[in-house]
Amino acid sequence: MGSTKELTCYTWEEVKKRCTREERWLVINRKVYDITRFVNIHPGGPRVISHYAGQDATDPFVAFHIDQELVKKRMCCLLIGELAPGEPSIEPFKDAAMVEDFRALRTTVEQMGLFHPSKLFFFVTLLHVLLLDVLAYVTMYYGGTSLISLLVTALLLATVQAQAGWLQHDFGHLSVFSRSSWNHVVHQFVIGHLKGAPASWWNHLHFQHHAKPNCFRKDPDINMHPLLFALGKKLSVELGMKKKKYMPYNHQHKYFFFIGPPALIPVYFQWYIFYFAIRRKKWADLAWMISFYVRFGLCYIPFLGVSGTIALFMVVRFIESNWFVWVTQMNHIPMNIDYDQNKEWLSTQLIKGIRRALVGRLPSQVRRLPILQGGKPLPANSH
């Protein structure tokens, strides 16, 4: 029988130093991996994994991968060592009890089958989106181009875009089917053919958002700071101390209404999605996107002409943008925005006040876990 090669032992301090462009390490279940070269071929993109360079990535690894055993086998070539016997499994400055309680909670939830999605629900959701799309066309077909018909059609199409946006979110998270490939295919159809956006673009942004929510320079959802808005208490103070004046921030609560909700999708996203797909050579995504615009044109150019169809499209995007921003940005971007503090995974994923609302809805056997009983309260500075 062959002998097992003894792994080199490292300390957390040694791992912490490997977070540069030249050298990147991370820890998963006490094993140390060198991801320096791997980041460029990482299926989830180079940034999302690089955000954990020099840190413990155990919990995000579990959260982001469906088949963890398969991924671990493919990571064997990256394994360079393990934490020294005297080193704790969790970084010394983190709340070990919170981390372990959260992992116990996740195990209990998995055993209860609460992560098993209802495929019927997602099928019905997709079906209702398709029916609304057909209903919008039928409204124009039988109602003509009267003002009421145009308004109803625009509202229906905007509803399609919004609902398809929520639906693609779940497929993008690979949370519907047990196989990643099935999730990816349906995700491309929903976001590409029904919405006209590239799946790779959404993955690139959204995976980073969940990996490091509200972390400046790591969460792309807060890239409005400091060019348009001064976000968060700490970063705003820092901006003031540096005396940087990109915008009249003392009036940002007024101009947000004209820049944020109405302009995000029709102005910024609309051109950037094509730029993203072409620059990164995502030709399959680009093909899905083109299929959306071809279908939209074939449906409405016969009624409205080219200019009228473009006008209808922009109205739909305008309505969708207001809908999207007021739903997402108001609850995704609270005041606690800062540089990456390398907090516990639970702390980064939850915001203040959600604990009580969540606990009341969980089954009794989950509520009995220590982290939810009050025996080990969440830290005062946790999200």
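Within each chain, residue numbers correspond to sequence positions counted from 1 in written order. A pLDDT threshold of at least 70 governs which residues receive local features in this predicted model, and a stricter bar of 80 or more applies before side-chain atom pairs are shown or counted, although totals over entire chains, interfaces and linings include all residues. Values reported for side chains reflect all heavy atoms of the structure, with hydrogen atoms and water molecules removed beforehand.

**Observations regarding helix 5 (residues 96-111)**
The cut-off we apply is this: Only DSSP runs of H or I reaching four residues or more are called helices, and only runs of E reaching two or more are called strands; each is numbered from the N terminus. Take the number of residues in a helix, subtract one, and multiply by 1.5 Å to get its expected span. For every residue, the accessible area obtained with a 1.4 Å probe (protein chains only) is divided by the maximum for its type, and the residue is called buried under 20%, exposed over 50%, and partly exposed between those limits.
In a regular helix each residue adds 1.5 Å, so 16 residues correspond to 22 Å; helix 5 covers 23 Å between its end C-alpha atoms and thus fits that length. Those residues of helix 5 that sit buried are M98, V99, D101, F102, L105, T108 and V109. Directly beyond the C-terminal end of helix 5, a positive phi value near 75 degrees is found at G113.

**Let's talk about the packing of aromatic side chains**
For the record, the criterion: Here the aromatic set is Phe, Tyr and Trp, taking the six-membered ring for Trp, and pairing holds for ring centres within 6.5 Å; pairs whose planes are under 30 degrees apart are stacked, those over 60 apart are edge-to-face, and all others are tilted. Any Lys NZ or Arg CZ that is within 6 Å of a ring centre and within 35 degrees of that ring's normal is treated as a charge sitting over the ring.
The final tally for this structure, using the stated rule, is 36 aromatic pairs. What links up through ring pairs into an aromatic cluster is the set Y137, Y141, Y142, F274, F292, Y293, F296, Y300, F303 and F313. Here R18 stacks its cationic end above the ring of W25, 4.1 Å away from the centre of that ring.

**Some details on the nonpolar core**
Inclusion rule: Only buried residues count toward a nonpolar core, which is a set of Ala, Val, Leu, Ile, Met, Phe, Trp, Tyr and Cys residues joined through side-chain atoms within 4.5 Å.
Counting 34 residues, the largest nonpolar core has L26, I28, Y33, I35, Y52, M75 and W201 as the members making the most contacts within it. Broken down by secondary-structure element, the contributors of at least two residues to this core are strand 2 (25-28), helix 2 (46-50), helix 3 (58-64), helix 5, helix 9 (199-211), helix 12 (264-279), helix 13 (283-332) and helix 14 (345-349). Counting residues in each nonpolar core, the second largest holds 24 residues, with L126, L156, A158 and V176 among its members.

**A word on the sheet that holds strand 1 (residues 8-10)**
Selection criterion: We treat two strands as partners when DSSP finds at least two bridges between them. In this analysis, axes come from line fits to C-alpha atoms, helices being fitted only over the stretch in contact, and the angle between any two N-to-C directions falls in the range 0 to 180 degrees.
If you trace the four strands from one edge of the open sheet to the other, you get 1-4-3-2, paired in mixed fashion. Only two strands of the sheet have a single partner each, and these edge strands are strand 1 and strand 2. If you compare each strand with its neighbour and ignore which way they point, the axes differ by 40 degrees on average. Relative to strand 4 (residues 79-83), strand 3 (residues 31-34) is paired through three bridges, and the arrangement is antiparallel. Bridge pairing links V32 to G81 in strand 4.

**Topic: the packing of helix 7 (residues 147-172) against helix 9**
Basically, it comes down to this: Small angles under 35 degrees read as roughly parallel and large ones over 145 as roughly antiparallel, with 65 to 115 read as roughly perpendicular and the rest as oblique. Whether two residues are in contact is decided by their heavy atoms: any pair within 4.5 Å suffices. For this classification, Asp, Glu, Lys and Arg are treated as charged, while Ala, Val, Leu, Ile, Met, Phe, Trp, Tyr, Cys and Pro are nonpolar and the rest, including Gly, are polar.
One can describe the packing of helix 7 onto helix 9 by two numbers: an axis separation of 11 Å at closest approach and a directional angle of 75 degrees. It follows that helix 7 is roughly perpendicular to helix 9 by the angle criterion. When helix 7 is examined against helix 9, the residues Q168, H169 and G172 are found in contact with a partner set consisting of W202, N203, H206, F207 and H210. For the contact of helix 7 with helix 9, a count of residues per class yields two nonpolar, six polar and no charged.

**So, the UniProt feature "transmembrane region" (unreviewed entry) in the protein chain**
Our working rule: UniProt positions are given in the numbering used here, feature names are shortened, and annotations may be inferred rather than shown by experiment.
UniProt tags residues 120-142, 148-167, 255-278 and 290-316 as "transmembrane region" (unreviewed entry). With 100% helix and 0% strand, residues 148-167 has its two end C-alpha atoms placed 28 Å apart.

**Side note on the pairing of strand 4**
Pairing of strand 1 with strand 4 involves three bridges; the strand directions are parallel. Residue pairing in the sheet places C9 in a bridge with E82 of strand 4.

**Focus on the side chain of D133**
Operational definition: For the purposes of these results, a polar contact is taken to be a pair of N or O atoms within 3.5 Å, where, inside protein, one atom must be able to donate a hydrogen and its partner to accept one; residues adjacent in sequence count only when each atom of the pair is a side-chain atom.
Locating D133 in the fold gives a position in helix 6 (residues 119-143). A distance of 2.9 Å separates a polar atom in the side chain of D133 from a polar atom in the side chain of R295. With residues up to four places along the chain from it excluded, the contact list for D133 reads L157, V160, R295 and Y300.

**Overview of helix 8 (residues 180-193)**
Here helix 8 is 14 residues long and its end C-alpha atoms lie 19 Å apart, about the 20 Å a rise of 1.5 Å per residue gives. Of all the positions in helix 8, only N183, V186, H187, V190, I191, G192 and H193 are classed as buried.

**Structural notes on the packing of helix 8 against helix 9**
Describing two packed helices takes the angle between their axes plus the distance from one axis to the other. In contact at an axis separation of 9 Å, helix 8 and helix 9 are set at 105 degrees when each is read in the N-to-C sense. One element, helix 8, and the other, helix 9, form an angle in the roughly perpendicular class. The residues of helix 9 that touch helix 8, namely those facing H187, Q188 and I191, are A199, W202 and N203. Classifying every residue of the contact of helix 8 with helix 9 gives three nonpolar, three polar and no charged.

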